[in-house]
Amino acid sequence: MKTLIKDGTVLDPANGVESRLNLLVEDGRIAAVTSSLPRADRVIDAADKLVLPGFIDIHMHEDPVGADGRIARGIFDCMLRMGVTAAAGGNCGINRCDPVEYLDLVDRDGAPVNVLLFAGHHYFREQAGALDKYAPITPEQAARLRSSLQRALDGGCAGISYGLRYVPGTSREEFLDTASCCAKSGKLLTAHIRGDALDVFSAVEEAAEAGRRFGIPVQISHIGSMAGFGQMAEVLRQIDEYRMNGLDIQCDCYPYCAFSTMVGSTTYDDGWLERYHCGYDALEFTEGKYKGRRATAETFAEMRRDFPQCLTVCYVMREEDVDMALTHPSVMLGSDGLLDQGQGHPRAAGAFPRFLSKYARTGKIGLYEAVAKMTALPARRLGLTQKGRLNVGADADIVLLRYTSIRDNASFQHPTLPPDGIDTVLIGGETALEGGRVVNRRLGRAIRL
């Protein structure tokens, strides 16, 4: 079937295009880009709308696998509703299950969006028997860990992800030894680095060392929540210096001034109040008996003890630091979306429309540059040569949106509310979202690299 998308403004930074053009889609790909009106079986009127490549989320956390062996519905639906057509999960060292088996499930059942995964260092560390996140790994466990990571890379994972902040027992030697697995394929190393705030500079240097030593690309995850406490200008200068000296290092960031993690994570180990210069009331519980309430010393201790998996939001980041990151040339957009049974941070359902409405439409960043940070930049970073673009031959992953009405609706109280302005999303040329409503959850496929 041929589909014609007509009379829209095609904005494609990967090809340097911003013009009123028509797209003809056939067999899952862009068949023609033209000012004429070729015959088609279906016509989509895009008048007064932007026609964009499907958004690519380079940093999110995938849905869990249920007891029935199927991927649960949740965050992937949120991704689709905000225009994401390809999402990279397995970040911060965390996988929901063996990532190669997860990709097999996506191929078997489909998914709301295309899915690629990183091999999570923490996940495979525990699989190797190193269950104490504060303890060093044994030589035998290290050998098993390295072997498992290599198998995952050979099985199609996009690279290795680390949550060094979450696994303090990981020595520099262990980090570099496992990172070397990426050297053969040149795949991406992505890291929630070891330290934030005043410790961010040495933490970035540690990640950069892996890139220098093995000649691999390095991605610093959610830089806003690592250097968003007054360190952003200096850490971006540090990264710029590395880049000018030949290191392939970039960052991603989400457009919010609060981070989210589990209350039992090492982020909240002793010293966090002093590190962020805040009180307990900077932390809000997103689930459980204190859902929607700010913490006290007593409730914090109780939840750390009784419900360490409880997702929290911590309001400590500086707006000017987040703005500085998101407008920097080497920083792309990533949601860091993470939900637990529909609860969590609104970035999982609002990051992409929020970036357009709060940054591009207000003039903090140009629209063309903003779209590049959501399409061409992450596609190039992940090696997705046929995504994040709309030229002839590219995958027909397409977003139609009304720019004047785009806005995020997800809030810290209601974190999964869908946005306004995303009208239609096509994945592989088929309609996945229409009128802002999900109509097909099975069009997404596994992406193996």
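In this text the structure is predicted, and so the values were computed from the model without any measurement.

Participant: Describe the side chain of H328, listing the residues and the values that go with them.
Facilitator: One can find H328 in the loop between α11 (319-326) and β17 (331-333). A distance of 3.0 Å separates the side chain of H328 from the side chain of S330, its partner in a polar contact. The contacts of H328, once residues within four sequence positions are left out, are L236, D240 and K373.

Participant: So what's going on with the pattern of salt bridges? Residues and values would help.
Facilitator: What the rule picks out here adds up to 33 salt bridges. In this structure, D107 engages R448 in a salt bridge whose closest nitrogen and oxygen atoms are separated by 2.6 Å. You can see D107 sitting in helix α2 (residues 99-109) and its partner R448 sitting in the segment after β23 (437-438), a full 341 residues away along the chain. When the shortest N-O distance is used, the salt bridge between E209 and R212 registers 3.4 Å. Of this pair, E209 and R212 both sit in helix α6 (residues 200-214), three residues apart, roughly one helical turn. A residue is classified by how much of its surface remains accessible, and E209, at 16% relative accessible area, is buried. Exposure remark for R212: the relative accessible area of 39% places this residue in the partly exposed category. Each of R29, K387, D395 and D397 takes part in a single network of salt bridges with overlapping partners.

Participant: Pulling in residues and values, what's your account of unusual backbone geometry?
Facilitator: For C92, which is not glycine, the phi torsion reads 60 degrees and is therefore positive. Note on placement: C92 falls in the loop between β7 (84-89) and α2. The backbone of D336 sits at a positive phi, close to 55 degrees, despite the residue not being glycine. Mapping D336 onto the fold places it in the loop between β17 and β18 (339-340). Owing to a relative accessible area of 7%, D336 belongs among the buried residues under this scheme.

Participant: Give me the lowdown on the environment of R354, citing residues and values where you can.
Facilitator: Position of R354 among the secondary structure elements: in helix α12 (residues 347-360). Taking the C-alpha atoms as reference, R354 lies 19 Å from P329; in sequence the two are 25 residues apart. Excluding anything up to four places from it in sequence, R354 contacts P255, Y256, Y359 and D408.

Participant: Quick one: what's the story with the sheet that holds β7, residue by residue and with numbers?
Facilitator: If you walk across this open sheet you meet the three strands as β6-β7-β8, and the pairing is parallel. Either end of the sheet is taken by a strand with one partner, and the two such strands are β6 (55-57) and β8 (114-117). Put simply, the sheet's adjacent strands are angled 15 degrees from each other on average, direction ignored. Across four bridges, β7 lies against β8 in parallel orientation. Residue pairing for β8: G89 is matched across the bridge by L117.

Participant: How would you summarise the packing of aromatic side chains if you had to cite specific residues and measurements?
Facilitator: If you walk through the whole model with that rule in mind, you get 15 aromatic pairs. Where F229 meets Y276, the ring centres are 5.1 Å apart and the plane angle is 35 degrees; that geometry is what we call tilted. In this pair, F229 sits in the loop between α7 (224-227) and α8 (232-244) while Y276 sits in helix α9 (residues 272-276), placing the two residues 47 residues apart along the sequence. On the basis of relative accessibility, which here comes to 9%, the residue F229 falls in the buried class. A network of ring pairs unites the aromatic residues F229, F259, Y268, W272, Y276, Y280 and F300 as a single cluster. We note R275 situated over the ring of Y276; from NZ or CZ to the ring centre the distance is 4.5 Å.

Participant: Explain the packing of α12 against helix α13 (residues 367-374) residue by residue, including any values.
Facilitator: Between α12 and α13, the least distance of the axes is 10 Å, while the angle of their chain directions is 160 degrees. By the criterion of interaxial angle, the relationship of α12 to α13 is roughly antiparallel. The crossing of α12 and α13 is right-handed. Residues F352, F355, L356 and A360 of α12 form the contact with α13, whose own contacting residues are L367, A370, K373 and M374. In terms of residue class, the contact of α12 with α13 is made up of seven nonpolar, no polar and one charged.

Participant: Lay out the sheet that holds strand β14 (residues 259-262) with the relevant residues and their values.
Facilitator: Taken together, the three strands give an open sheet; going across it, the order is β14-β16-β15, and neighbouring strands pair in antiparallel fashion. The open sheet is flanked by β14 and β15 (283-285), the only strands paired with a single partner. Each strand of the sheet is rotated relative to its neighbour by a mean of 30 degrees, with strand direction disregarded. As defined by bridge partners, β14 adjoins strand β16 (residues 311-314) across four bridges and the pair is classed as antiparallel. Within β16, the position partnered with S260 by the bridge is V313.

Cut-offs and rules
- Residues numbered from 1 in each chain as written.
- Predicted model: local features only at pLDDT ≥ 70, side-chain atom pairs only at ≥ 80, totals over all residues.
- Heavy atoms only, no water.
- Helix = DSSP H or I, 4+ residues; strand = E, 2+ residues; numbered from the N terminus.
- Polar contact = N/O pair within 3.5 Å; in protein donor to acceptor, adjacent residues only side chain to side chain.
- Contact = heavy atoms within 4.5 Å.
- Salt bridge = Lys/Arg side-chain N within 4 Å of Asp/Glu carboxyl O.
- Buried < 20%, exposed > 50% of the residue type's maximum accessible area, 1.4 Å probe, protein only.
- Pairing = 2+ DSSP bridges.
- Axes fitted to C-alpha atoms, helices over the stretch in contact; angles between N-to-C directions.
- Phe/Tyr/Trp six-rings, centres within 6.5 Å; stacked < 30°, edge-to-face > 60°.
- Lys NZ or Arg CZ within 6 Å of the ring centre and 35° of its normal.
- Parallel < 35°, antiparallel > 145°, perpendicular 65-115°, else oblique.
- Left-handed = near helix turned anticlockwise from the far one by under 90°.
- Nonpolar A, V, L, I, M, F, W, Y, C, P; charged D, E, K, R; others polar.

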